[in-house]
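# Summary of the model geometry
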Amino acid sequence: MDFIFVGIGGALGSMLRYAISLIPYKQTFPLLTLITNICGAILIGYITGVATKRNLPQHTILSLKTGLCGGFTTFSTFSLEAYNLIQNGNYGYACLYILFSLGGCLIGVWGGMLLA
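Residues numbered from 1 in each chain as written. Predicted model: local features only at pLDDT ≥ 70, side-chain atom pairs only at ≥ 80, totals over all residues. Heavy atoms only, no water.

## Comments concerning the environment of Ile35
- Locating Ile35 in the fold gives a position in helix H2 (residues 31-54).
- Here Ile35 falls in the partly exposed class, since its relative accessible area comes to 38%. (Helix = DSSP H or I, 4+ residues; strand = E, 2+ residues; numbered from the N terminus. Buried < 20%, exposed > 50% of the residue type's maximum accessible area, 1.4 Å probe, protein only.)

Quick look at the structure:
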């Protein structure tokens, strides 16, 4: 059942992301992606806070965090995990995670382009 809840949330998140991409903005700076990522980070933070305070059912949390936010942007999960590392005092791990995530993904895109 968890897969169904994640799938429903993921479908909604993906559709929302696509809807934002339809906004007629054609500039060099990727503003719509930036807005999407920031909104996703705010959303996953809000969901996490509400889930903690209101003790939401696990399937609801999965649907919203993993599904909706994951379909909308995986950057939201990255942001939450980096934040949690900082909050728990794991500053070294936080720096490594941020550096390797951004650097590794940029290198990954480059490598994928080379493979294509």
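## With respect to a nonpolar patch on the surface
- A cluster of nonpolar side chains, namely Met1, Ile4, Ile8, Leu12 and Met15, defines an oily patch on the protein surface of about 550 Å² accessible area.
- Among the structural elements, Ile4 can be located in helix H1 (residues 2-21).
- Among the residues examined, Ile4 registers a relative accessible area of 48% and is labelled partly exposed. (Patch = residues over 30% accessible without salt bridge, like charges linked within 9 Å, V, L, I, M, F, W, Y side chains within 5 Å. Areas by Shrake-Rupley, 256 points an atom, 1.4 Å probe, with all protein chains shown as cover. Salt bridge = Lys/Arg side-chain N within 4 Å of Asp/Glu carboxyl O.)

## Some remarks on the environment of Cys69
- Looking at where Cys69 falls in the secondary structure, it is placed in helix H3 (residues 58-72).
- The exposure class of Cys69 is buried, given its relative accessible area of 0%.
- For the pair Cys69 and His59, spaced 10 residues apart in the sequence, the C-alpha separation amounts to 14 Å.
- Among residues more than four places away in sequence, those in contact with Cys69 are Gly40, Leu43, Ile44, Ile47, Leu64, Thr74 and Ser76. (Contact = heavy atoms within 4.5 Å.)

## Describing the packing of H1 against H3
- Relative to each other, H1 and H3 sit at 35 degrees, their axes nearing to 6 Å. Taken as a pair, H1 and H3 cross one another with a handedness that is right-handed. Residues Asp2, Phe5, Val6, Gly9, Gly10, Leu12, Gly13, Ser14, Leu16, Arg17 and Ile20 of H1 lie in contact with H3, whose contacting residues are His59, Leu62, Ser63, Thr66, Gly67, Leu68, Gly71 and Phe72.
- Here the residues of the contact of H1 with H3 are counted per class, giving 8 nonpolar, 9 polar and 2 charged. (Axes fitted to C-alpha atoms, helices over the stretch in contact; angles between N-to-C directions. Left-handed = near helix turned anticlockwise from the far one by under 90°. Nonpolar A, V, L, I, M, F, W, Y, C, P; charged D, E, K, R; others polar.)

## Brief notes about the side chain of Ser101
- Considering the arrangement of structural elements, one finds Ser101 in helix H5 (residues 91-115).
- A distance of 2.7 Å separates the side chain of Ser101 from the backbone oxygen of Tyr97, its partner in a polar contact.
- With near-sequence residues (within four places) excluded, Ser101 lies in contact with Phe78 and Leu96. (Polar contact = N/O pair within 3.5 Å; in protein donor to acceptor, adjacent residues only side chain to side chain.)

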